[in-house]
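Observations on chain architecture
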Amino acid sequence: MTKYIFVTGGVTSSLGKGIISASLAKLLQARGYRVTIQKFDPYINIDPGTLNPYEHGECFVTEDGAETDLDLGHYERFLNVPTSQANNITTGRIYQNVINAERQGAYLGKTVQVVPHITDEIKRNMRMLGNSGDFDIVITELGGTVGDIESLPFIEAVRQFKWEEGANNAIVIHLTLIPFLAAAGELKTKPTQHSVKALLEYGIQPDILVCRTEHPISQDIRKKIALFCNVNVNAVIESRDASTIYDVPLLMMKEQLDKTVLSKLKLAQKNEPDMESWKEFLGRLKNPTSEVRIGLIGKYVELPDAYKSIIESFVHAGSKNECKVKVEYIHSEGIYPDNAHEKLGHLDGVLVAPGFGSRGIEGKIDTIKYVRENNVPFFGICLGMQCAVIEYGRNVIGLEGAHTTEIEENCAHPVINMMEEQKQVTEKGGTMRLGSYPCDLKKGTKAYAIYGRTHITERHRHRYEFNSAYLQQYEDAGMVASGINPESKLVEIIELKNHPFFVGGQFHPELKSTVANPHPLFVKFVAAAKEHAKKVSN
Ligand code: GLN
């Protein structure tokens, strides 16, 4: 029988529910339980695919091609288990399902209402992963903050769910903030008391409180919180600010969050969590023997959350290389041929980021010309790879006016153009080439050396592709298509022969990098940057 843990948030947003959920899941997994995490988001978009990255950060794409919240990236990076569409549900999707059913007459003449129809649909989705039989424990993170109008149906669904499953089968962990008032020199518990009261008003008594704080919480404060919020003292968990999110599982282990959860759920403690390889990862991360500076060239650089998975992939690859990776966010809009050296000359490697639309694209192309000519390691992801193709066409092959038809539909040389199956598409949501596709690597290429095998799969999110009509010209000029989709024959990886590291992928390798499995492209890119740094200092 599956057990359920709900994670709610109070007082303020951005307390790190996703990291707490992922950390708890990691500890339970490390004790031998099969755990998954799902996120329910209260907004009305069917999924975050149509959201501008400035709104909620990166859109994380799963193996099955779902466009999801970036917290799913944390779940995968911590657990090393893929998620799917079932792991991310929005208010929009719930309503869409209910309204579709209503149109089909499924409610047999009843008035369709928030309670019970919307809440029933929420509960059905909450049980979906548990019913698959693949998991002992399902952790459900509720987006938003308790008290928000839009999360009310989810909170009501949790209340019903707890009542239906029974106290030992479904518990609620409430994440709150204990602010420190500098003037008074005190930690304050009142906001926590109030947010628990708000939950109680909706009929939910939280079982465990995880308290975000900048300072240690004394035993006295724990007792006070316990007394006023009706929880055991050992169910008041301190969550101090950490220097890296990867510390949080160990901090939660020290606070015995996993033990408290298991005893509330009446589950066996099994073994102590086996966190050895996690600790080794952290040890390498915190004791680097070298340092590199990597430029991340993009147009959403004001909001690093827009590149969350890329940044975390560098953390994994840095640890693997025992190398501190300092990522510098550089706006592509400000880069031109005459200032490229000034902007990029100090870097040991350059990653040109994914993206959509015309803003900043010429700066990306100028960046690539600079790193290609100056032998700086280059890694292009999706739009970054497409820009590398455009740059090579314009500046090496001599295809004047080479471009992507995304920006210039009638350009002289459409070296990147829309995929055939995309041409009929009119709806925006969920219609790109999404999710996992196979790719065959050519022996003798850099890509093959990096992966060490010929058959790989990677996740995609795009509408445009390398135009194969130009393939021969590119290969004759030294740009190799080292990865090809075996069925559609789409070019998935390009690389240069006479360059220390110049690789572009049409897919998103950052979506598959985890603590247990750092992505080989990132690992080898950081290694190449290390080599570059050594060369420069010599
Ligand atoms: N805009 C490009 C396309 O749709 C690249 C997308 C991306 O970088 N994810 O093909």
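For the structure itself, look to the data block above.
Residues numbered from 1 in each chain as written. Predicted model: local features only at pLDDT ≥ 70, side-chain atom pairs only at ≥ 80, totals over all residues. Heavy atoms only, no water.

What to know about the overall build of the protein chain
Going by this rule: Numbering of helices and strands runs from the N terminus, with a helix taken as a DSSP run of H or I at least four residues long and a strand as a DSSP run of E at least two residues long. Atoms counted for the radius of gyration: C-alpha only. Globule rule: 2.2 Å times residue count to the power 0.38. Any residue under 20% of the maximum accessible area for its type is buried, any over 50% is exposed, and the rest in between are partly exposed; the area is computed with a 1.4 Å probe on protein chains only. In this description, accessible areas are obtained by the Shrake-Rupley approach with a 1.4 Å probe, and a residue is regarded as covered only by the protein chains that are shown.
The number of helices and strands found in the protein chain is 18 helices and 23 strands. Computed over its C-alpha atoms, the radius of gyration of the protein chain comes to 25 Å, within 12% of the 24 Å expected for a compact globule of 538 residues. Of all 538 residues assigned to the protein chain, the portion counted as buried reaches 57%. For the protein chain, the exposed area adds up to about 22200 Å²; of that, 49% sits on carbon and sulfur atoms.

So, the sheet that holds strand β17 (residues 413–418)
The following threshold applies: For two strands to be treated as a pair, DSSP must find no fewer than two bridges joining them. Where helices are involved, their axes are fitted lines through C-alpha atoms of the stretch in contact, as for all axes, and angles between N-to-C directions lie from 0 to 180°. Contact between two residues is taken to exist if any of their heavy atoms lie within 4.5 Å; hydrogens are not considered.
With respect to topology, three strands assemble into an open sheet ordered β16-β17-β20, the strand pairing being mixed. A strand with exactly one partner marks an edge of an open sheet, and here the two such strands are β16 (402–404) and β20 (464–466). Taking the axes of each pair of neighbouring strands and ignoring which way they run, one obtains an average angle of 30° across the sheet. Sheet topology places β16 next to β17; three bridges connect them, and they run parallel. Paired with A402 across the bridge in β17 is H413. Against the sheet, helix α15 (residues 383–397) touches β16, β17 and β20, its axis set at about 165° to β16.

As for the pairing of strand β2 (residues 35–41)
The buried fraction of β2 amounts to seven of the seven residues, a majority that puts the element mostly inside the structure. Bridging between β2 and strand β5 (residues 88–90) involves three bridges; their strand directions are parallel. Note on β5: the bridge partner recorded for D41 is T90.

A word on a nonpolar patch on the surface
Cut-off, in case you're wondering: The residues that make up patches have over 30% relative accessible area and no salt bridge, and they are joined within 9 Å when like-charged or within 5 Å when they are Val, Leu, Ile, Met, Phe, Trp or Tyr. One side-chain nitrogen of Lys or Arg within 4 Å of one carboxyl oxygen of Asp or Glu is enough to make a salt bridge.
On the surface, a cluster of nonpolar side chains totalling about 320 Å² of accessible area is made up of Y95, I99, V114 and V115. By the element assignment, Y95 lies in helix α4 (residues 91–103). By relative accessible area, Y95 is classed as partly exposed at 32%.

What about the sheet that holds β5?
Strands sit in the order β5-β2-β6-β1-β7-β10-β11 across an open sheet of seven strands; the sheet is parallel. Single-partner strands in this sheet number two, and they are β5 and β11 (236–240). Pairs of neighbouring strands in the sheet enclose a mean axial angle of 20°, with direction left out of account. Strands β1 (3–9), β2, β5 and β6 (137–142) of the sheet are contacted by helix α5 (residues 114–131), whose axis makes an angle of about 160° with β2. Sheet strands touched by helix α8 (residues 219–229): β10 (208–213) and β11. Its angle to β11, the strand with the most contacts, is close to 130°.

Regarding the nonpolar core
Convention followed: By nonpolar core is meant a set of buried Ala, Val, Leu, Ile, Met, Phe, Trp, Tyr and Cys residues that side-chain atoms within 4.5 Å join together.
Ranked by internal contacts, the top residues of the largest apolar core, which has 56 residues, are I5, I139, I173, I208, L257 and V261. Tallying contributions element by element places helix α1 (residues 17–30) first for this core, with eight residues. The residues touching I5, leaving out its near neighbours within four places in the chain, are L24, L28, I137, V138, I139, T140, I171, I173, V261 and L265. The next biggest cluster of nonpolar side chains, apart from the first, holds 37 residues, and it includes I294, I381, Y451 and V523.

Some thoughts on the side chain of D258
Along the polypeptide, D258 turns up in helix α10 (residues 257–264). Overall, D258 belongs to the buried group, its relative accessible area being 1%. With residues near it in sequence (within four places) discarded, D258 still touches L24, L27, L28, R31, M252, M253 and P273.

A closer look at the side chain of T119
The topology assignment puts T119 in helix α5. Sequence-distant contacts of T119, defined by excluding residues within four places in its chain, comprise V114, P153, E156, A157 and Q160.

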